[in-house]
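These are the residues of each chain, in order.
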Amino acid sequence: MRAFAKTTLAGAVGRLTPGMKVLLPPGCGEPVALVGEICRQAARLDDLALMGGIHLGEYPFARPEAAKLRVATWHMSPRLEDARRRGRVDFVPIRYFDAVSEFAAGGVWASDAVLVHCAPPDRHGYLSLGVSVGVALPAARRASLVIAQVNPNMPRSRGNGSLHRTQIDAWVEVDAPLLEYPPPVITDVERAIGRHVAGLIPDRATVQVGVGAIPQAVLEALGDHRELGVHSLLVDASVGLVERGVVTNTAKRFHRGRMDIAEAMGTRRLFEFLHDNALVNMESSAFVHDPTVIAQIDRFVAVNSALEIDLTGQVTAESLGPRQVAGIGGQFDFVLGASRSRGGVSIIAMPATGRDGTVSRIVTRLAAGAAVTTPRYLADRVVTEFGIAELRGKGEKARAAAMIGVAHPKFREELERDVTS
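Residues numbered from 1 in each chain as written. Predicted model: local features only at pLDDT ≥ 70, side-chain atom pairs only at ≥ 80, totals over all residues. Heavy atoms only, no water.

**Some details on the overall build of the protein**
- Counting secondary structure elements, the protein contains 14 helices and 25 strands.
- For the protein, whose C-alpha radius of gyration is 22 Å, the value lies close to the compact-globule estimate of 22 Å for 421 residues.
- For the protein, the proportion of its 421 residues judged to be buried stands at 61%.
- Contacts in the protein between residues far apart in sequence, at least 24 positions, make up 69% of those at least 6 positions apart.
- As presented, the protein carries roughly 16,600 Å² of accessible surface, and 50% of it is formed by carbon and sulfur atoms. (Helix = DSSP H or I, 4+ residues; strand = E, 2+ residues; numbered from the N terminus. Rg over C-alpha atoms; globule rule 2.2 N^0.38 Å. Buried < 20%, exposed > 50% of the residue type's maximum accessible area, 1.4 Å probe, protein only. Contact = heavy atoms within 4.5 Å. Areas by Shrake-Rupley, 256 points an atom, 1.4 Å probe, with all protein chains shown as cover.)

Here you go:
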C-alpha cells in the first residue's frame, strides 16, 4: 500500500533522482505541470530519461536549458531533432503492443517512476486515467514510484483505466485544461482518399484509424454506414458518428455495444463525451493492441497511413530514408490482427505525391535506409486519391501494376520503365 501523499509540484518532482527512467502518458494525457517542474529541476536531474510516445506540448524537455535530461521515445518528432543531435534522444523502434512490456518492470526500458494524469478520486478511491490509458496504466501498476497530477478537468472514463489511491505514492492537484488535438484541416486530396477507403468498409465493420488528415477524412466519409464499431483511438470525428447512430458497436462478438479504446485525442468536445460514458471501455494497450484480440473481431478494418510504399507493397510510415521522423505506433499490431480477422482487411492510405507534388510516394523501391513498418506480405489494399490497389495474394508483377495504377499519372511512365529495366 502506497501513501497517496498530497504535495507540491516541487515536492513531487523532488522524489525523482538523477539517472531515473520516468514514463509519461502521451497525447492529451501529458501531465504538463509535472513535466514543466522536471524541466525547472533539470540541473540536478542529470541523465534522467523521460520516456513516451506522441507529445502535443512544446517539448520543453528537449530544449538546451534542459540539456541534462535525456529522452527515450517510440515516436520521433522534428521537435526532438536538436536534442538528438546533442546525443540526448534515443529512438526505440518498438510497436505499441510491445511497449507495454518493455517500458514496465521487467522490460528493457523498465520505468523507475511513472507519471500519470488523473481525474480526482471517486468515492471508492479510484482515480481514472481519463484520456490516456494505453501504456501508462500497466507501467504504473508495476513501477517503484508513481506520481499523479490530479486534475478536475480530466474526464472520468469507464472501463479498465483507473488506479486506486493505494497504488499512488504522491499527488499534486493541478486545475488546468488538458492539451488538445484539434481536428486537422483536410483538402480535396484527403477527401478523395477518404471516399475510396469508406467504399472498402462494409456495414457492421469495426474500424481502427489513427490521427491526421486522412483518418479525419475517412471518418467524415462514413456517414451513410450502419452499425460500425470503433477500436483503439477515439477522436472528435468519432463522436459525431456515434451521435448520428453510425457507430453502435452492436456487431462485435465481445464487449458488444462498447468501443475498446486505449487513447483519446481531441478537444473539449471529445473529453466531455468520454466522461462517465458507458459506451467507451478504456483499456491498456496490452488488450487493445493485442493481435490475438483484434483477430476475434469480425470485419476488422485497419486504416493506417504511410510516407512511402514500394511496388512490392513494402510500407514505411516512420522514416524518410534513414532519417526517423515518426514511429511504428500501432500500425503493425492492427495490420497483423486484421489479417487474422474473419472478413478483416488492412488499408494503407496516403496521398500519391509529397513535397507539393514534386515526388512520388509510390516508388520502385524504398529509399536506402528506410525502415519497413509493414511488410509486403501484410499489405492488403493501398489507397491514394487515384484509386485502390488490391495486393492481397498477388505476385510481384500484378502488385507492381496495381501500385502504378494508383500513382500520380505524371510518375507512372517512370515507374513502368523501372519495372521493365
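On we go.
**Thoughts on the nonpolar core**
- Judged by nonpolar contacts, the single largest core of 75 residues is most densely connected at Phe103, Val116, Val197, Ile201 and Leu234.
- What valine 197 contacts, discounting residues up to four positions off in sequence, is Val218, Val303, Ile347, Ala349 and Val383.
- Among the nonpolar cores identified, the runner-up in size contains 32 residues, and Met20, Leu45, Ala83 and Ala113 belong to it. (Core = buried A, V, L, I, M, F, W, Y, C linked by side-chain atoms within 4.5 Å.)

**So, the pairing of strand S3 (residues 49-52)**
- Burial along S3 is two-sided: Ala49 and Met51 and Leu50 and Gly52, pointing in opposite directions, are all buried.
- Between strand S2 (residues 21-23) and its parallel partner S3, the chain crosses via helix H2 (residues 32-40), and the hand of that crossover is right-handed.
- Two strands pair when backbone bridges link them, and S3 and strand S4 (residues 70-73) are joined in this way by four bridges, in the parallel orientation. Paired with alanine 49 across the two strands is arginine 70, which belongs to S4. (Right-handed = clockwise from strand over helix to strand, strands pointing away. Pairing = 2+ DSSP bridges.)

**With respect to the state of the cysteines**
- Going through the model one piece at a time under the given rule, you end up with zero disulfides.
- Cysteine 28 provides the cysteine sulfur closest to cysteine 39, a residue in no disulfide bond, and the two sulfurs are 19 Å apart.
- Taking the relative accessible area as the measure of exposure, cysteine 39 reaches 15% and is therefore buried.
- No disulfide involves cysteine 118; its nearest neighbouring cysteine sulfur is the one of cysteine 28, lying 15 Å away.
- Residue classification places cysteine 118 among the buried positions, given a relative accessible area of 0%. (Disulfide = S-S within 2.5 Å.)

**As for the sheet that holds strand S25 (residues 387-390)**
- Spatially, eight strands are ordered S14-S13-S12-S11-S15-S20-S24-S25 in an open sheet, and the strand pairing comes out mixed. What marks the edges here is a single partner per strand, and that holds for strand S14 (280-282) and S25. This sheet shows a mean twist of 25 degrees between the axes of neighbouring strands, independent of strand direction.
- Note that strand S20 (residues 345-349) and strand S24 (residues 381-384) share three bridges and pair parallel. Following the sheet pairing, isoleucine 347 is matched in S24 by arginine 381. (Axes fitted to C-alpha atoms, helices over the stretch in contact; angles between N-to-C directions.)

**Brief notes about the environment of valine 172**
- Relative to the helices and strands, valine 172 resides in strand S10 (residues 170-173).
- The exposure class assigned to valine 172 is buried, which follows from its relative accessible area of 4%.
- Once the C-alpha coordinates of valine 172 and lysine 6 are considered, the two residues, 166 residues apart in sequence, prove to be 5.8 Å apart.
- Beyond its immediate chain neighbours, meaning those up to four positions away, valine 172 contacts Thr7, Thr8, Leu9, Leu34, Ala148, Gln149 and Val150.

**Considerations on helix H7 (residues 213-220)**
- In terms of burial, H7 is largely enclosed, as seven of its eight residues are buried.
- Taken as a whole, H7 has its buried residues at Ala213, Ile214, Pro215, Gln216, Ala217, Val218 and Leu219.
- Turning to H7, the residues buried within the fold contact helix H6 (188-200), helix H8 (236-243), strand S15 (300-305) and S20.

**Regarding helix H13 (residues 396-405)**
- Listing the buried residues of H13 in full gives Arg399, Ala400, Ala402, Met403 and Ile404.
- Residues of H13 that are buried sit in contact with strand S16 (308-310), strand S23 (362-363), S24, S25 and helix H14 (409-420).

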